[in-house]
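Observations on the three-dimensional arrangement
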Amino acid sequence: MKLAIVGGGPAGLYLSILLKRQDPSHDISVYERNPEGSTYGWGVTYWAGLLDKLRAGDPESAAAVAEASVTWTDGVAIVRDERTVHRGDAGFGIGRRRMLALLADRAEELGVRVSFEHDVTGPDAPELADADLVVAADGVNSVLRTAHADHFGSEVTAGRNQYIWLGTTKVFDSFSFAFKETEHGWIWCYAYGFSGERSTCVVECSPETWTGLGLDTSSETDSLRLLEKLFHDLLDGHELIGREQSDGAAQWLTFRTLTTRVWHRGNVVLLGDTAHTTHYSIGAGTTLALEDALALADALRAPEALGSPAGLDAALTSYGKRRRAELISAQSAARYSAQWYENLPRYMRLEPAQMFALLGQRHSPLLPHIPPQLYYRIDRAAGQLEALRRLKRWLGPRVARAVHGRR
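Structural notes, computed from the coordinates. (Residues numbered from 1 in each chain as written. Predicted model: local features only at pLDDT ≥ 70, side-chain atom pairs only at ≥ 80, totals over all residues. Heavy atoms only, no water.)

1. Topic: the overall build of the protein
A tally of regular secondary structure across the protein gives 14 helices and 17 strands. In terms of C-alpha radius of gyration, the protein reaches 22 Å, essentially the compact-globule figure of 22 Å for 407 residues. With the C-alpha coordinates aligned to their principal axes, the bounding extent of the protein is approximately 60 × 50 × 40 Å. Counting over 407 residues, the protein shows a buried share of 52%. The long-range share in the protein, meaning contacts at least 24 apart out of those at least 6 apart in sequence, stands at 71%. Surface summary for the protein: the accessible area is close to 18300 Å², and the carbon and sulfur share equals 50%. Here the protein contributes 44 positive and 50 negative side-chain charges, whose respective centroids are spaced 9 Å apart. (Helix = DSSP H or I, 4+ residues; strand = E, 2+ residues; numbered from the N terminus. Rg over C-alpha atoms; globule rule 2.2 N^0.38 Å. Buried < 20%, exposed > 50% of the residue type's maximum accessible area, 1.4 Å probe, protein only. Contact = heavy atoms within 4.5 Å. Areas by Shrake-Rupley, 256 points an atom, 1.4 Å probe, with all protein chains shown as cover. Lys, Arg positive; Asp, Glu negative; His and termini not counted. Charge placed at Lys NZ, Arg CZ, Asp CG, Glu CD.)

Okay, here's the thing in C-alpha cells:
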C-alpha cells in the first residue's frame, strides 16, 4: 500500500512504525506542518499498561521511550497551606519533544519518509492524490476532517475554565497539585516531572478568577511572575517558563472536547486528536492516541483489508467501531473530571486530606449528586465492605442517566 499520514504527532509516527513493521514494502510518508523539534507542550504522562502495549507493537521504540521517561509513585497536594500525600500506582513522564524525536528516528530507520515543514492544505492536496490510504492525524483543527465535518459528525464542546500549559525548572518526583484561594476565587496547578531538568505545570482557574486576577490582560511575563508568587511553596523558588519554542507567548485557553460520529470517509481515516479529545486532567491524551494507532494497524493486518476498496472500507469501519466503544470509559472519566474542577468550590470546605481523597474520586458519576462529606464517608466505608462497593458501582451510572434524562 501507499500511505500518506498527515500529522507527525505521536499517533501518526507510531502508526507508520507499526505498519512498516507489518509489511516493509508499504510506501509510507508522514507530513508534518511544523519544523523538526517544534512542538506545543512540555511533558506527557502515561502509565505502565501503555508500555506493555508498546512493547508488543514495537519493542525498539518502547525501550527508547521507557529509557527516556521518569517515574513517580505518589501524589502530593497542597490545599491552602497544608501538604497531603496519597500513595498510588507508578506513573511516567516524558518530554513531548523527546518522544516525537524518538518515534521519528525509529520511523525513518524502518524506511518511512518523514517530512517536516510540509503543510498538507486539504483533501485535494497533490501529496494525497495517489495514496491508497490517507490517515488524518493533524489534530483537533484537522483540515482533512473539517473539509467533511458533516460526514464525520464532528462536535466540539468548550469547557468553562481557563488553563495555561507551562514549564518549570523545578523537578517534581511526584504528581503534585496546589490549590490556592485568592480574593477572586480558587486557582490551582497540576505539576509533574518529565526529565531530570524540567517539569510541566498546568495552571487552571474559573473565568471569574482569571479576570479578577487580571490574567486576561497581563503580559506573559507579568502572568508568570504572579503565578510564581501564588505557587511559591509548590515551586520552591523555581521559575515558570512559557512556550519552550520562540514562536509566541504561552496562551490561556479553554479546553475543547472533540467527538466524531464516523471515523472514516472513503480512504481517509481519523486518528488521535483528529477524532477525539479528552480533558487533560485525566492525563490520557497521548495514551489514547497511541492506542488508536495500535487498533488501526491491527485492523489493517487482515489480508482482505489491503485487497480491495470494499476490504479497506470494512477494516476502517471495524477500527472506528472498536475504538469508539473502547473510548466510552475514558471519555466519561474525562467529562466528570473536568466538571469536578469546574465545580471546585463545592469540595474546598472539606479538610485537605478529605478533599484530596475526593480529587482521586473525581471520575465518579455518583459524586456530583451526593454531598461531598457524605460521599467521603460512603467511600471510606466502601473500602471495608464489598457489598457497599458493589452498590456504589451499580448506583453511580444509574443516577447519572436519570439526571441526564431529566435535562
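Now that the structure is up, let's keep going.
2. Here's the deal with the pattern of salt bridges
One pass over the full model with this rule turns up 21 salt bridges. The salt bridge partner of arginine 106 is aspartate 58, with a shortest N-O separation of 2.9 Å. Of the two residues, arginine 106 is situated in helix H4 (residues 96-109) and aspartate 58 in the loop between helix H2 (48-57) and helix H3 (59-67); the sequence distance between them amounts to 48 residues. Several salt bridges share partner residues, and in doing so they unite Lys53, Glu291, Asp292, Asp298, Arg301, Arg322, Arg323 and Glu326 into one network. (Salt bridge = Lys/Arg side-chain N within 4 Å of Asp/Glu carboxyl O.)

3. Points about the environment of proline 372
Note that proline 372 resides in helix H13 (residues 372-382). We classify proline 372 as buried; its relative accessible area is 9%. Between the C-alpha atom of proline 372 and that of arginine 335, which follows or precedes it by 37 residues, the distance is 18 Å. When sequence neighbours within four positions are dropped, the list of residues in contact with proline 372 reads Arg346, Tyr347, Leu350 and Leu358.

4. As for the side chain of threonine 287
Looking at the element boundaries, threonine 287 is found in helix H10 (residues 285-299). Classification of threonine 287 by relative accessible area gives buried; the value is 14%.

5. A closer look at the packing of H10 against helix H11 (residues 309-342)
Relative to each other, H10 and H11 sit at 150 degrees, their axes nearing to 9 Å. As summarised for this structure, H10 and H11 are arranged roughly antiparallel, according to the angle between their axes. Read as a crossing pair, H10 and H11 show a hand that is right-handed. Residue-level contacts link Leu288, Glu291, Asp292, Ala295, Leu296, Asp298 and Ala299 of H10 to Ala315, Leu316, Tyr319, Arg322, Arg323, Leu327 and Ala330 of H11. Looking at the contact of H10 with H11 residue by residue, the classes come out as nine nonpolar, no polar and five charged. (Axes fitted to C-alpha atoms, helices over the stretch in contact; angles between N-to-C directions. Parallel < 35°, antiparallel > 145°, perpendicular 65-115°, else oblique. Left-handed = near helix turned anticlockwise from the far one by under 90°. Nonpolar A, V, L, I, M, F, W, Y, C, P; charged D, E, K, R; others polar.)

6. Examining the nonpolar core
In terms of nonpolar packing, the biggest core is built from 68 residues, with Tyr14, Leu15 and Leu300 touching the most fellow members. Sorting elements by how many residues they give to this core places H10 first, with nine residues. Among all residues touching leucine 300, those that are not within four sequence positions of it are Leu19, Gln22, Leu133, Ala305, Leu306, Leu312, Ala315 and Leu316. Trp165, Leu350, Ile370 and Tyr376 belong to the second largest nonpolar core, which has 33 residues in total. (Core = buried A, V, L, I, M, F, W, Y, C linked by side-chain atoms within 4.5 Å.)

7. Here we look at the packing of helix H1 (residues 10-22) against H10
Viewed as axis vectors pointing N to C, H1 and H10 meet at an angle of 30 degrees, and their least axial separation amounts to 9 Å. As summarised for this structure, H1 and H10 are arranged roughly parallel, according to the angle between their axes. In terms of crossing hand, the pair formed by H1 and H10 is right-handed. Residues Pro10, Ala11, Tyr14, Leu15, Leu18, Leu19 and Gln22 of H1 pack against Thr286, Ala289, Leu290, Ala293, Leu294, Leu296, Ala297 and Asp298 of H10. Along the lines of polarity and charge, the residues of the contact of H1 with H10 split into 12 nonpolar, two polar and one charged.

8. Remarks on the layout of surface pockets
The space that makes up the second largest pocket amounts to roughly 510 Å³. Lining the second largest pocket are 24 residues, and of these Thr157, Thr257, Gln331, Ala334 and Arg335 sit closest to its centre. Only strand S8 (155-158), strand S15 (256-259) and H11 provide two or more residues apiece to the lining of the second largest pocket. Across the lining of the second largest pocket, the residue classes break down as eight nonpolar, 11 polar and five charged. (1 Å grid on protein atoms, 1.4 Å probe; cavity = no way out; pocket = protein on both sides within 12 Å on 5 of 7 lines; lining within 4 Å. Points joined across faces, edges and corners; volume = space filled by probe spheres on them.)

9. So, the packing of aromatic side chains
Per the counting criterion, the structure on display carries 18 aromatic pairs. A ring pair is formed by tryptophan 72 and tyrosine 192, whose centres lie 6.1 Å apart and whose planes are at 40 degrees; its orientation type is tilted. Here tyrosine 192 lies in strand S11 (residues 185-193) and tryptophan 72 lies in strand S4 (residues 70-79), a separation of 120 residues in the sequence. Judged by its relative accessible area of 5%, tyrosine 192 is buried. (Phe/Tyr/Trp six-rings, centres within 6.5 Å; stacked < 30°, edge-to-face > 60°.)

10. Thoughts on H4
An ideal rise of 1.5 Å per residue puts 20 Å on 14 residues; H4 measures up with 20 Å between its terminal C-alpha atoms. Restricting attention to buried positions, one finds in H4 the residues Met99, Leu100, Leu102, Leu103, Ala104, Arg106 and Ala107. On its buried face, H4 is in contact with H1, strand S3 (43-47), H3, strand S5 (82-95), strand S6 (113-115) and H10. Trailing H4 by a residue or two, glycine 111 shows a phi angle of about 105 degrees, which is positive. (Expected span 1.5 Å × (residues − 1).)

11. Looking at the pairing of strand S12 (residues 199-205)
Counting buried residues in S12 gives seven out of seven residues, a clear majority hidden from the surface. Neither face of S12 is exposed, since Ser199, Cys201, Val203 and Cys205 on one face and Thr200, Val202 and Glu204 on the opposite face are all buried. Pairing between strand S9 (residues 162-168) and S12: seven bridges, direction antiparallel. Pairing of isoleucine 164 across the sheet is with valine 203, part of S12. (Pairing = 2+ DSSP bridges.)

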